[in-house]
Amino acid sequence: MSSSARDVYVIGGNRIPFARSGGKYLKASNQDMLTAVIDGLVARFSLNGERLGEVAAGAVIKHARDFNLTRECVLGSHLDPTTPAYDVQQACGTGLQAVVQVANKIALGQIDSGIAGGTDTTSDAPLAVNDDLRKTLLKANYAKSPAQRVQALLKVRPNQLAPEQPKNSEPRTGLSMGEHMAITAKEWGITREAQDELAVASHHNLAAAYDRGFFDDLVTPYLGLTKDQNLRPDSSVEKLATLKPVFGKGEGATMTAGNSTPLTDGASAVLLGSQEWAHDHGLAPLARFVDAETAAVDYVHGNEGLLMAPPYAIARLLERNNLTLQDFDYYEIHEAFASTVLCHLAAMEDAEFCKTKLGLDTPLGSIDRAKLNVNGSSLAAGHPFAATGGRIVALLAKMLHEKGEGSRGLISICAAGGQGVVAILEGSK
Amino acid sequence: MTDGYTKFVNGGFGKKIAGTVGLPQPTVLRRYKVGQDLLEGPAAIAGVGEAPALEVVRKVLADSGVSVVEAQADSTYDSKLSAIVFDATAARTIDELQQLRATVGPAMKSLGKNGRIIVLSAVPAQETDVEAAATQQALEGITRSLGKEMRAGGTANLLRIGEQASDDALAGPLRFFLSARSAYVSGQPVTIDAGDVPTVEDVHVPLAGEVAVITGAARGIGAEIAKVFARAGAKVIAVDIPAAGDSLAKVANSIGATALQLDITSPDAGERIAKAVAQHADKLDIIVHNAGITRDKLFVNTDEARWGSVLDVNLQSQFRMNKVLLDPSVKGGLKDGGRIVSVASISGIGGNRGQSNYAASKAGVIGMVRQLSQELADRKITVNAVAPGFIETEMTAKIPMGTREVGRRLNSLLQGGQPVDVGEAIAFFAEPSSAAVTGQVLRVCGQSQLGA
């Protein structure tokens, strides 16, 4: 192992257009999508038959048969089959956490190159057997005589045949993510108008980026989809104002289907490497991976909102890197809900929050909103949980490369379980 | 994309029926495989007077392990010939054409399947003597007629050797027209003239180490061009529109190429190609302008958009990309001694009902190639075009059956060509040994009657 860390670079990325749940990718599995994404990356960067250091990726919602999902995808791809792979899972932070893992190994000199990614489908989601039925079947399986087996199976009841649906709720509170967010949004006094404005900007920014060909080398079409299915280029505040709230209760409910991300299917992957590896392969790095931080908050006992971990992570990351919140050219704050982004921004501006929760004498302050999610984010593109990190890292790396050497970008992704993953990238020539 | 009829008449029962009833009997053409022998049997050679070009012909045949029969008017042949090469470059009088008739005639009777006739001539326009010019021009009429009389997959082509052609300049083109790579090319003249022709290291990987950009490579003819180039040793950058990115990635991964998703009509297409090239090499060796679209309508019903988009994609975009790639100061631009090969069409030669816009663009390509080749001659860059005839692709498979059958059979080889045939012809122009071939438009059409 080398004694000091070396620079790690984002060389490029690839994703498939994101599809609305039950849409174009109805029949595509996580393995199908991630394999397609890896192969698109292989084609873009001439990696055919190449042995990489490793591939780290994952899915939040996974079938039991996908116990070795990423390795299976590598075997199905045009990478050298001797490329090792493993699965990562940290809810919506999966994709970015996979990038951190691979980047750290490259920094340490343990590997020279790697792919980090993620995939998720809510269309091809696993359905679990009803827990009562599962116990009955297990009992029958362990029965020692045919009589015992019959006796066990006789306990099956019709109501046990309904499958257990995968839930989008926190096991410890029973509340859905949206319901949690509605509580936090109310606490921070986030208005419906501000949320709708953010959502409209996301759609308009994403549509404009597609129009000017920005995604030509970031996205590979898949199953007839060439752009994100959720994208509404003609979205407007007036149209969004007509939607009824879906999260929160009563008068103060502000969160609608328009300012919340829909369930989405998709996959993404990012190619990382050392300077030497990139050079040897004739590849020009887009951005340097500078640093990352993960935080978690105690949302269970009511001390903090479920999706409020990112400001904690950002505060620690900035301090470690001697940076202020204003030292960035671009901010990529994942739009789980429009209110999530607005709560983070409000919290970081709030002196009280920054002092009592983050332990800062002066608040992190505000950001220039013109630098926020300038090429659209999850509200427009959609949010296949584990694929969001890869989408953002590749997108920001390209933006920083175009901006120029030394330009800086901040990524922030909130995740279930009260967690948040944040990272800094720096543009390279 | 299968031609069921050709399969049928080449099977036992179908062959019998077709023979009895007198149906046309297309032959399954011999096509190139890596390591394949140049020819399957002996070649007969002859010529007028001193036949100065035969020296190179003998060398090429000997290097390829082909046994040579020096043909005379009264020669008889024990075994089936695979090729006849007749050097008429020294013919100056109409009477001398009798020698061709007398020697090639008997040899032609002994040609086996997929036989080749190659007539070598001078360039008529370079002759100062009128009878010599007429004599040399007569060779084209003869060769085109022989192409139509050839049987069992045979082809006849004319190679014109210009005054400035070096001794080695003939070797590459000769090999191509003798080989199975020119399976679907017949009745065509090609001129060889000035150019520095290098010695060939390995005829099976003529493009080893070269970087080639191929547009429209996601499917059809473009995908096949990419495959031929990869087989020939080139590092391929496969370009197609972003919307075709998934099939482009599949093509690229199947041959170890790089996929570049790019709309060639975008203003910065040339820059983006140069940038992609620069990641692999300082300079680009070959650009193949293959991308093209059709928006068919009768002329009177063709609106501005149908007219404009076809001309923009098929012709205008090539100008814009060339402008950038031909700038010597651009990193990743085309090198001196590089190659430009464009895909034209027999529609651009003969016109086509409902294709005024397409024919305009493809005829425009031919005009561009002829003029640009002269402009770039001092930089040793060659510029050529291939004009495909009826090629069996997904696109032609959609033509209604009656029309399709006519298009398919109305040529000397009685069948449609394969996309690989176009790829082989383009690769031929791209090879280092084709340095003396420029400004040419080669039809890959089985000597189609259309546009003839």
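It should be emphasised that the depicted structure is a prediction, and the values quoted were computed from it without experimental measurement.

## Focus: the overall build of chain A
Okay, so step 1: Per the secondary structure count, chain A includes 14 helices and 12 strands.
Okay, so step 2: In terms of overall size, chain A behaves like a compact globule, its C-alpha atoms giving a radius of gyration of 22 Å where 429 residues would be expected to give roughly 22 Å.
Okay, so step 3: Along the first, second and third principal axes, the C-alpha atoms of chain A reach 75 × 60 × 45 Å.
Okay, so step 4: A sequence separation of at least 24 residues applies to 79% of the contacts in chain A between residues at least 6 apart.

## Here's the deal with the UniProt feature "active site" (unreviewed entry) in chain A
Residues and elements named next belong to chain A.
Okay, so step 1: Here the UniProt feature "active site" (unreviewed entry) sits at Cys92, His383 and Cys414. Maximum C-alpha separation among the annotated residues is 11.9 Å over a sequence range of 323 residues, consistent with a single clustered spot.
Okay, so step 2: Mapped onto the elements, His383 comes out in the loop between helix H13 (378-381) and helix H14 (388-403).
Okay, so step 3: On the basis of relative accessible area, His383 is assigned to the buried category, the value being 4%.
Okay, so step 4: Beyond its immediate chain neighbours, meaning those up to four positions away, Cys414 contacts Cys92, Leu307, Pro310, His334, Ala336, Thr340, His344, Gln419 and Gly420.

## Quick look at the pattern of salt bridges
Okay, so step 1: Applying the stated rule across the entire model yields 33 salt bridges over all chains.
Okay, so step 2: Among the ionic pairs, B:Glu140 bridges to B:Arg144, the shortest N-O distance being 3.0 Å. Remark: B:Arg144 and B:Glu140 occur in helix H5 (residues 130-149); sequence separation between them is 4 residues, near one turn of the helix.
Okay, so step 3: For B:Glu140, a relative accessible area of 16% gives the class buried.
Okay, so step 4: Three or more residues are tied together by salt bridges with common partners; here these are A:Asp291, A:Glu293, A:Arg316 and A:Arg320.

## Here we look at the pairing of strand S5 (residues 155-161) of chain B
All names here are of chain B.
Okay, so step 1: Most of S5 sits out of view: 7 of its 7 residues are buried.
Okay, so step 2: The alternating pattern of S5 places Thr155, Asn157, Leu159 and Ile161 and Ala156, Leu158 and Arg160 on opposite faces, both of which are buried.
Okay, so step 3: With 7 bridges joining them, strand S4 (residues 111-122) and S5 adopt parallel strand pairing. The partner of Ile117 across the bridge, within S5, is Ala156.
Okay, so step 4: Tracing the backbone out of S4, into H5 and back to the parallel element S5 gives a crossover that is right-handed.
Okay, so step 5: As judged from the 4 bridges shared by S5 and strand S6 (residues 189-192), these two strands associate in the parallel manner. Considered in S6, the bridge of Arg160 is made with Thr191.
Okay, so step 6: Assessed by its sense of winding, the connection that carries the chain from S5 through helix H6 (residues 171-178) to S6 is left-handed.

## Quick word on the side chain of B:Gln188
Okay, so step 1: Relative to the helices and strands, B:Gln188 resides in the loop between H6 and S6.
Okay, so step 2: The residues touching B:Gln188, leaving out its near neighbours within four places in the chain, are B:Arg144, B:Ala156, B:Asn157, B:Leu158, B:Leu442, B:Arg443, B:Cys445 and B:Gln447.

## A short note on the pairing of strand S12 (residues 419-427) of chain A
Residue and element names in this part refer to chain A.
Okay, so step 1: Burial runs high along S12: 8 of the 9 residues are buried.
Okay, so step 2: Across 9 bridges, strand S9 (residues 287-296) lies against S12 in antiparallel orientation. Its bridge partner lying in S12, Asp291 is registered against Ile424.
Okay, so step 3: Judged from the 8 bridges that link them, strand S11 (residues 408-415) and S12 form a sheet pairing that is antiparallel. Counted as the bridge partner of Ile413 is Val421 from S12.

## A look at the packing of H6(B) against helix H15 (residues 419-430) of chain B
Residue and element names in this part refer to chain B.
Okay, so step 1: For the pair H6 and H15, interaxial distance at closest approach is 10 Å and the crossing angle is 170°. As summarised for this structure, H6 and H15 are arranged roughly antiparallel, according to the angle between their axes. Together, Gly172, Pro173, Phe176 and Phe177 of H6 and Glu424, Ala425 and Phe428 of H15 make up the contact between the two elements.
Okay, so step 2: Here the residues of the contact of H6 with H15 sort into 5 nonpolar, 1 polar and 1 charged.

## Topic: the interface of chain A and chain B
Okay, so step 1: Each side of the interface is counted separately: chain A has 20 residues, and chain B has 19 residues.
Okay, so step 2: Together chain A and chain B conceal approximately 1,300 Å² of surface at their shared face, both sides included; 44% is due to carbon and sulfur atoms.
Okay, so step 3: Considering only the side of chain A, the residues that lose the most area to chain B are A:Ala43, A:Asp216 and A:Pro221, jointly responsible for 36% of the buried surface there.
Okay, so step 4: The partner of B:Arg272 in a salt bridge is A:Asp216, and the shortest N-O contact between them spans 3.0 Å.
Okay, so step 5: Joining chain A to chain B, the criterion identifies 8 residue pairs in polar contact (both at pLDDT 80 or more).
Okay, so step 6: Top contributing element to the side of chain A that touches chain B by residue count: helix H1 (residues 30-44) of chain A, with 5 residues.
Okay, so step 7: A class-by-class count of the residues in the side of chain A that touches chain B yields 8 nonpolar, 9 polar and 3 charged.

## Quick word on the sheet that holds strand S7 (residues 211-215) of chain B
All names here are of chain B.
Okay, so step 1: Read across the open sheet, the 7 strands follow the order S9-S8-S7-S10-S11-S12-S13; overall the sheet is parallel. If you trace the sheet from one side to the other, it starts and ends with strand S9 (258-261) and strand S13 (441-444), each paired once. Between one strand axis and the next, the sheet turns through 20° on average, direction left out of account.
Okay, so step 2: By the bridge criterion, 5 bridges tie strand S11 (residues 334-343) to strand S12 (residues 382-388) in an arrangement that is parallel.

## Side note on empty space enclosed by the protein
All names here are of chain A.
Okay, so step 1: Applying the stated rule across the entire model yields 2 cavities of 30 Å³ or more.
Okay, so step 2: Estimated volume of the largest cavity: approximately 50 Å³.
Okay, so step 3: Lining the largest cavity, in full, are Gly13, Asn14, Arg15, Phe215, Leu218, Ala269, Gly390, Arg391, Ala394 and Leu395.
Okay, so step 4: Counting residues per element, the lining of the largest cavity draws most heavily on H14, at 4 residues.

The rules we used
Residues numbered from 1 in each chain as written. Chains lettered and ligands numbered in written order. Predicted model: local features only at pLDDT ≥ 70, side-chain atom pairs only at ≥ 80, totals over all residues. Heavy atoms only, no water. Helix = DSSP H or I, 4+ residues; strand = E, 2+ residues; numbered from the N terminus. Rg over C-alpha atoms; globule rule 2.2 N^0.38 Å. Contact = heavy atoms within 4.5 Å. UniProt positions renumbered as here; feature names shortened; annotations may be inferred. Buried < 20%, exposed > 50% of the residue type's maximum accessible area, 1.4 Å probe, protein only. Salt bridge = Lys/Arg side-chain N within 4 Å of Asp/Glu carboxyl O. Pairing = 2+ DSSP bridges. Right-handed = clockwise from strand over helix to strand, strands pointing away. Axes fitted to C-alpha atoms, helices over the stretch in contact; angles between N-to-C directions. Parallel < 35°, antiparallel > 145°, perpendicular 65-115°, else oblique. Nonpolar A, V, L, I, M, F, W, Y, C, P; charged D, E, K, R; others polar. Buried area = accessible area lost by both parts, 1.4 Å probe. Polar contact = N/O pair within 3.5 Å; in protein donor to acceptor, adjacent residues only side chain to side chain. 1 Å grid on protein atoms, 1.4 Å probe; cavity = no way out; pocket = protein on both sides within 12 Å on 5 of 7 lines; lining within 4 Å. Points joined across faces, edges and corners; volume = space filled by probe spheres on them.

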